[in-house]
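The primary structure of each chain is shown beneath.
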Amino acid sequence: NACSEQLLDPWGQCTLGHANWATLPLDLKEAEKEAELRGYYISWFLENVVTKQIIDKRSPLPESEYKIKSLRRIGQGFTGLADYLSIKGVAYDGPEGAVIAELLTKAMTTGAYRRSIEAGAERGNYEAFDKEKLLNSLFIQNMISDGVIPEDFKTMRNVCNTTVAPVGTGNLMVQGWGNGVEPGIGFVYWRRTRVS
């Protein structure tokens, strides 16, 4: 992804993928387990996509090739949150919806970073890995205090593992289910496209 899903550094790239949360189990404990499992395997998949991109020399410019090798940035997210809440009969903008979103996001992030830490031990850290800098990051500090990653981690394969993009276009591309992250704003609409 070279445009706007994440704020990227110059020449930076992010390999994106998303899980469909509309298909999670209705039981919240089961949904948490499933979100963590999906986070784990999507991280594994996206890491392999980055490796394949490097092997096949698919970066368009030397600067972007350097960035992908040194950072191995992946961004897994989710779609179908509004649909999942609707199926459960929970208001998207209510306190229960916020609690569910936080639980599922934490579960996904736990799975994603667990796999990145494992992959770092198996395949090596991303080239620019610097644990001291990571430990100074408020994001990493919060993930440690929330129990998402262990404080004594020694490896990490990817500088970034998660992102929350709207995914609306992604849903349309695969004729998927749902409205992305946001709730539906209309039950019926007309879509017009211009063909040249």
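Everything that follows concerns the structure shown earlier in this document.
This section reports on the structure supplied with the text. In this text the structure is predicted, and so the values were computed from the model without any measurement.

Describing the nonpolar core
Alright, step 1. Residues Trp-21, Leu-24, Leu-81, Tyr-84, Ile-100 and Leu-104 are the most contacted members of the largest nonpolar core, which totals 21 residues.
Alright, step 2. Among the elements of the structure, α1 (28–55), β2 (74–79), α3 (81–88) and α4 (95–123) are those that each provide at least two residues to this core.
Alright, step 3. Per element, the largest residue contribution to this core is six residues, and it comes from α1.
Alright, step 4. With sequence-adjacent residues up to four places away left out, Ile-100 is seen in contact with Leu-28, Tyr-84, Leu-85, Lys-88 and Val-90.
Alright, step 5. Core analysis: the second largest hydrophobic core is formed by 12 residues, Tyr-113, Ile-117, Ile-140 and Val-148 among them.

Comments concerning the pattern of salt bridges
Alright, step 1. Taken as a whole and judged by the stated rule, the model has 14 salt bridges.
Alright, step 2. In this structure, Arg-73 engages Asp-9 in a salt bridge whose closest nitrogen and oxygen atoms are separated by 3.9 Å. Taken together, the positions of Arg-73 in the loop between α2 (62–71) and β2 and Asp-9 in the segment before β1 (15–20) put the pair 64 residues apart, joining distant regions of the chain.
Alright, step 3. Using a relative accessible area of 25% as the deciding quantity, one classes Asp-9 as partly exposed.
Alright, step 4. Between Arg-114 and Glu-36 there is a salt bridge whose closest N-O contact spans 3.7 Å. Here Arg-114, found in helix α4, pairs with Glu-36, found in helix α1; they are 78 residues apart in sequence, far enough to count as distant.
Alright, step 5. Assessed through its relative accessible area of 25%, Glu-36 is described here as partly exposed.
Alright, step 6. Salt bridges sharing common partners tie together Glu-36, Arg-114, Arg-115, Glu-118 and Glu-122.

So, unusual backbone geometry
Alright, step 1. A positive phi angle, near 50°, is found at Lys-57, a position not held by glycine.
Alright, step 2. Looking at where Lys-57 falls in the secondary structure, it is placed in the loop between α1 and α2.
Alright, step 3. One non-glycine residue, Arg-72, adopts positive backbone phi at about 50°.
Alright, step 4. As for its placement among the helices and strands, Arg-72 is situated in the loop between α2 and β2.
Alright, step 5. What makes Arg-72 buried here is its relative accessible area of 8%.

What counts, and where the lines are drawn
- Residues numbered from 1 in each chain as written.
- Predicted model: local features only at pLDDT ≥ 70, side-chain atom pairs only at ≥ 80, totals over all residues.
- Heavy atoms only, no water.
- Core = buried A, V, L, I, M, F, W, Y, C linked by side-chain atoms within 4.5 Å.
- Buried < 20%, exposed > 50% of the residue type's maximum accessible area, 1.4 Å probe, protein only.
- Helix = DSSP H or I, 4+ residues; strand = E, 2+ residues; numbered from the N terminus.
- Contact = heavy atoms within 4.5 Å.
- Salt bridge = Lys/Arg side-chain N within 4 Å of Asp/Glu carboxyl O.

As far as function goes, none of this settles anything; it's purely spatial.
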